[in-house]
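Structural features, examined
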Amino acid sequence: MPMIEQQIVRKTKEKKVYRCLSCGTTENMGRRKYCSPECRQKLRFKLQARVGLVQALNTRYATFYFSDEMIIMDILPYGSNEIFSFLYPRSQGKKPAEDFSKLANILGNLWWEEKKKTNKRYMASKKVLSCAQKKPGAIEEVRPQFYSILTLKKQALAELKIEKHQIKFPELKNIIKNAYRKQVKAHHPDMGGDAERFRKIQQAYENLMRWVENPKIKLRRGFPDKWFYDGEKNRWIQPLSL
């Protein structure tokens, strides 16, 4: 099995760089989490295709994330208070999804070899977990948290050219009004604009102002920067858009 090394992440005060949470690219990302829906789906497919591995390890929760140097899969088995962390070096020119497949192949083959040798599933799982680094007392790193997410139609924001992160600003009402005035000047029929486009702008403005007066919130469980596996649902869930 390739050498497993520990990743040390240091927090800095540098300007945040947005990376695709599926492939890691920083090109033309803006504030987006993914470079494209297709890229996101490819990683989801790779993770879900190997769900048998985390099942075999009796996993309650797991997380998957990556850096420029390596991919990381942390696993919390049922009945355990320790996290088992698998770290695998990134391959040059390869995407995280491809490296995850390599790691899953290595661990899966190791599991089956031990299963054939002992004819006991728990011994095979124990063998695989012995290759991981243990992280005692860090259950919150894999146990998904609940986040309050503001529910708002993206189309309304798009019509007024308002960025999603702006809905958290305390001056949101003024932002909406100023954006509305700007779009009215550009698209009012009396100014040569398209009547249908103007109708959509007007509707978006009214919807947003109603939402500001009575914002709706829903609770979602997960992480803003990690994919996580839920053993009860037996599936991987993408990072949350907060």
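Residues numbered from 1 in each chain as written. Predicted model: local features only at pLDDT ≥ 70, side-chain atom pairs only at ≥ 80, totals over all residues. Heavy atoms only, no water.

Here's the deal with helix H1 (residues 37-49)
Between its first and last C-alpha, H1 extends 18 Å over 13 residues, near the 18 Å set by a 1.5 Å rise per residue. Of all the residues in H1, the buried ones are Cys39, Leu43 and Leu47. On an axial view of H1, the arc spanned by its buried residues comes to 70°, and they lie on one face. Among the exposed residues of H1, those oriented more than 90 degrees off its buried face are Glu38, Lys42 and Phe45. Those residues of H1 that are buried lie in contact with helix H2 (51-56), strand S1 (59-66), helix H3 (96-118), strand S7 (227-230) and strand S8 (235-237). (Helix = DSSP H or I, 4+ residues; strand = E, 2+ residues; numbered from the N terminus. Expected span 1.5 Å × (residues − 1). Buried < 20%, exposed > 50% of the residue type's maximum accessible area, 1.4 Å probe, protein only. Arc of directions from axis to C-beta. Contact = heavy atoms within 4.5 Å.)

So, the state of the cysteines
Should the sulfur atoms of two cysteines be covalently bonded, the bond is a disulfide. Evaluated as defined, the whole model comprises zero disulfides. Distance from the sulfur of Cys35, which forms no disulfide, to the nearest cysteine sulfur (Cys39) is 3.7 Å. (Disulfide = S-S within 2.5 Å.)

Quick look at the environment of Ala62
Note on placement: Ala62 falls in strand S1. Since its relative accessible area comes to 0%, Ala62 is described here as buried. Ignoring any residue separated from it by four or fewer positions in sequence, one finds Ala62 in contact with Asp74, Ile75, Trp227, Phe228, Tyr229 and Trp236.

Quick word on the nonpolar core
A general feature of soluble globular proteins is that nonpolar side chains tend to end up buried together. Counting 36 residues, the largest nonpolar core has Phe64, Met73, Phe86 and Trp236 as the members making the most contacts within it. Counting residues per element, the ones that place at least two in this core are H1, H2, S1, strand S2 (70-77), strand S3 (82-89), H3, helix H4 (121-129) and S7. The residues contacting Phe64, other than those within four sequence positions of it, are Leu43, Leu47, Ile71, Ile72, Pro96, Phe100, Lys226, Trp227 and Trp236. Counting residues in hydrophobic clusters, the runner-up holds 18 residues, among them Leu172, Tyr180, Val184 and Tyr205. (Core = buried A, V, L, I, M, F, W, Y, C linked by side-chain atoms within 4.5 Å.)

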